[in-house]
Amino acid sequence: MKVLVINVGSTSIKYQLYQMDTEEILAGGVVERVGSPHALHKWRVGPTRSQAEIPAPTMRAGLDAVLAQLTGPGGALKDLSELRAVGHRVVHGGEKLVRPCVITPEVKEIIAKCAQFAPIHNPANLAGIEAAQAALPNATHVAVFDTAFHGELPPHSYLYAVPYELYLERGVRRYGFHGPSHQFMAASASEFLKTDQSRLKLITCHLGGGASVCAIDGGRSVDTSMGMTPLEGLVMGTRSGDVDPALSIVLGRQGLSPDAIDETLNRKSGLLGISGVSADFRDVEQAAAGGNARARLAIEVFVHRIRKYIGAYAAVLGGVDAIVFTGGIGENSVKVRSAVCDALVYMGVVLDAEKNQHADARGSGGVVDIAAPRAPTRVLVVATDEERMIAREVVRVTAGPTAARQRVTGQAIPVGVSVRHVHLSKEHCAALFGEGYELTERRAVSQPGQYVCRESVDLIGPKGEIERVAIINPLRKETQVEVSRTDAITLGVNPPLRESGKLEGTPGLTLRGPKGTVAIDHGVIMAHRHVHMHPDEARRFGVEDKSIIRVRVDGERETIFGDVIVRVNPQYALDMHVDTDEANASGLTNDSVATFDGLQ
Ligand SMILES: Nc1ncnc2c1ncn2[C@@H]1O[C@H](COP(=O)(O)OP(=O)(O)O)[C@@H](O)[C@H]1O
Ligand SMILES: CC(=O)OP(=O)(O)O
Ligand SMILES: [Mg+2]
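Since we're looking at a predicted model, the values are computed, not measured.

*Asks:* Is there a simple way to explain the UniProt feature "binding site: Mg(2+)" (unreviewed entry) in the protein chain in this structure?
*Replies:* According to UniProt, the positions carrying the feature "binding site: Mg(2+)" (unreviewed entry) are N7 and E386. Annotated residues spanning 380 residues; largest pairwise C-alpha distance 9.0 Å, indicating a single compact cluster. Following the sequence through the fold, N7 ends up in strand β1 (residues 2–8). The exposure class assigned to N7 is buried, which follows from its relative accessible area of 6%. Within the secondary structure layout, E386 lies in helix α15 (residues 386–399).

This is the structure:
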């Protein structure tokens, strides 16, 4: 499936054409200075780069030039009918549009309405959509929102301390932006560090023309610096980032119109406003190197703000595994990275100056680690790819979650090996350990709230006994004994494969404790292998509660497990549970990581 992704800014159209079966980029480019008679179209087909000046007085004219190139001689498409899906980056969808969706007239209406919160971006995004729909009327057009990744911010992060009615009635809240980029950084960091996202605390810094920082805990955005609009937070090319909110009031009272204030804060501030030189970081850096004091000051304010957010987000996350940089500045400015990180030694951040100097994420598979080898916190530079994230969402929306399998196939699932164990009912606990006895915790297990007890019981079957079997608390409605096939043979029972809690028709046995024995007439099972996951993980994998998936184990005893049941619950942490027979057969231990191998 071929997918064209369009990222339209106020004066530019960036695009990439993907073959999504392999995620190969077939062509890509940018039209700069859209709106002028001398726009510049730079493009790439395979390794070949070209450019041409084109007249593009309107968005439609710019897009037509792109499509003509794609289908012309040497282009990546035979004709436009090959293009059945187009993904559009849309910056603001408000609270109504969070998940990626097919663009309908109602969707366009909401995007237009949200322009009040994204005045620089949404009107341009909408113009791009209109032009693309006119040029490609038979394709499915999908909107992917910058705000989506921040859709589950906790209320204490997204609420401003203003009258609550402003939130309820007018949607005044933090939305957060640059979602595809922050999400891409988190996925890249997880892959690079070979650690599941559920186990990572990350601070991701997208430093481009617009800039934002995000605190990501277990793969979820828990706070981010941009707010109701993309104006809050970091210092940007032309945007002020954080200011005292009273500034607008004061300027208004001094006679500036709302439009003039908007213009001041969104287009005349930031690096440009302080330096008076340029909004482009390279120009400001050059001026600073040449002794321009205001340019130097602009960079100092820019860096200070980033450092301040990193400190704040370390506190929000309660620790940091990695700081990630991306965007034109984050990927390329050695000085910004070192200036930000130099002051963070107290957080375990120590840069390797040499690696920082030569960091080339794009030329090194997309990610480089620039931290000193033994430093506790990793510092990564990632070549962001917002368009690829958008293309993946387009596949999910147009072809369904299984078609997006390629994206998630190969993603890590930590393994937990369930050794034989018992869950006790209150009544049986009393019979085995004495009335009113409280079991005590030895160690937690991977699922929140559950733990292995110090106490144990013996299992007595018709053929044999197994001593000192672990008890997992808390107590349950019914006693349940989970054993492997090998254990069942030792005991002389014949339990079925069952999901936890489904005990009808199962065999029983006798339990022996220090204060007595209990004979149960049912409750012995072999646990059906399963994966616990949080609803967010389920969404990421494109599965739901009770889905049946395959999970792959690499290594000396390579195995693909089929019939793995997915169990989704907000209380769950990502973990695949197999019993000891299954683990031994495929060489798994509690430290192993398996990978998702698709829906069965
Ligand atoms: N080698 C470099 N050193 C420092 N800054 C750079 C370098 N290359 C690009 N930049 C800066 O990156 C910014 C643009 O980032 P980018 O992510 O491409 O922008 P956009 O947000 O428009 O997509 C500009 O300020 C530019 O000066
Ligand atoms: C949301 C936003 O600020 O985007 P950009 O960086 O493309 O301006
Ligand atoms: Mg950007």
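*Asks:* Hey, could you run me through the UniProt feature "active site" (unreviewed entry) in the protein chain in this one?
*Replies:* UniProt marks D146 with the feature "active site" (unreviewed entry), using the numbering shown here. Among the structural elements, D146 can be located in the loop between β8 (140–145) and α4 (155–158).

*Asks:* Looking at this structure, how should I read the sheet that holds strand β6 (residues 85–90)?
*Replies:* Two orientations exist for strands paired in a sheet by backbone hydrogen bonds: parallel and antiparallel. Read across the sheet, 8 strands follow the order β5-β4-β3-β2-β1-β6-β8-β7 without closing on themselves; strand pairing throughout is mixed. For this open sheet the edge positions go to β5 (48–54) and β7 (101–102), each flanked by a neighbour on one side alone. Here β7 runs beside β8; their pairing, made up of 2 bridges, is antiparallel. Across the sheet, the residue bridging to V102 is V142, located in β8. Each of β1, β6 and β8 touches helix α3 (residues 122–135); the most contacted strand, β6, lies at about 165° to it.

*Asks:* Got a minute to help me understand the pattern of salt bridges in this structure?
*Replies:* Opposite charge on two side chains permits them to pair, given that their charged atoms come into close proximity. With the rule as written, the count across this model stands at 28 salt bridges. As a salt-bridge pair, E32 and K42 come within 3.4 Å of each other at their nearest N and O atoms. Placement of the pair is E32 in strand β3 (residues 24–32) and K42 in strand β4 (residues 39–45), with a sequence separation of 10 residues. According to the relative accessible area criterion, K42 is partly exposed, its value standing at 31%. Ionic pairing is found between E465 and R512, a salt bridge with its closest N-O pair at 2.7 Å. Residue E465 is located in strand β19 (residues 465–473), and its partner R512 is located in strand β22 (residues 509–513); the two are separated by 47 residues in the primary sequence. Three or more residues are tied together by salt bridges with common partners; here these are E23, D385, R388 and R392.

*Asks:* Please clarify how the site of ligand 1 should be interpreted in this entry.
*Replies:* Around ligand 1 there are 13 residues in total, and K14, G209, D280, F281 and G328 lie nearest to it. Within the side chain of K14, an N or O atom sits 2.7 Å from an oxygen atom of ligand 1. At a separation of 3.3 Å, a nitrogen atom of ligand 1 approaches a polar side-chain atom of N332. In the complex, 68% of the free accessible area of ligand 1, which totals 580 Å², lies under the protein chains. Every element with two or more residues in the shell around ligand 1 is listed here: α10 (281–289) and α12 (327–332). By residue number, the principal contributor to the shell around ligand 1 is α12, which donates 4 residues. Of the residues belonging to the shell around ligand 1, the class tally is 2 nonpolar, 7 polar and 4 charged.

*Asks:* Please clarify how the site of ligand 2 should be interpreted in this entry.
*Replies:* If you check the shell around ligand 2, you find R89, V91, H121, D146, F177, H178, G210, M226, P230 and R239 and nothing else. A distance of 2.7 Å separates an oxygen atom of ligand 2 from a polar side-chain atom of H121. In this structure, an oxygen atom belonging to ligand 2 sits 2.7 Å away from a side-chain N or O atom of R239. Taking 260 Å² as the accessible area of ligand 2 by itself, protein coverage stands at 84%. Residue classes in the shell around ligand 2 are distributed as 4 nonpolar, 3 polar and 3 charged.

*Asks:* What is the right way to look at the environment of E152 in this model?
*Replies:* Looking at the secondary structure, you find E152 in the loop between β8 and α4. It is 9.8 Å that separates the C-alpha atoms of E152 and V98, two residues lying 54 residues apart in sequence. If we ignore the near neighbours within four places in the chain, the residues touching E152 are R220, S221, D536 and R539.

Cut-off values and rules
- Residues numbered from 1 in each chain as written.
- Chains lettered and ligands numbered in written order.
- Predicted model: local features only at pLDDT ≥ 70, side-chain atom pairs only at ≥ 80, totals over all residues.
- Heavy atoms only, no water.
- UniProt positions renumbered as here; feature names shortened; annotations may be inferred.
- Helix = DSSP H or I, 4+ residues; strand = E, 2+ residues; numbered from the N terminus.
- Buried < 20%, exposed > 50% of the residue type's maximum accessible area, 1.4 Å probe, protein only.
- Pairing = 2+ DSSP bridges.
- Contact = heavy atoms within 4.5 Å.
- Axes fitted to C-alpha atoms, helices over the stretch in contact; angles between N-to-C directions.
- Salt bridge = Lys/Arg side-chain N within 4 Å of Asp/Glu carboxyl O.
- Near = heavy atom within 4 Å.
- Polar contact = N/O pair within 3.5 Å; in protein donor to acceptor, adjacent residues only side chain to side chain.
- Areas by Shrake-Rupley, 256 points an atom, 1.4 Å probe, with all protein chains shown as cover.
- Nonpolar A, V, L, I, M, F, W, Y, C, P; charged D, E, K, R; others polar.

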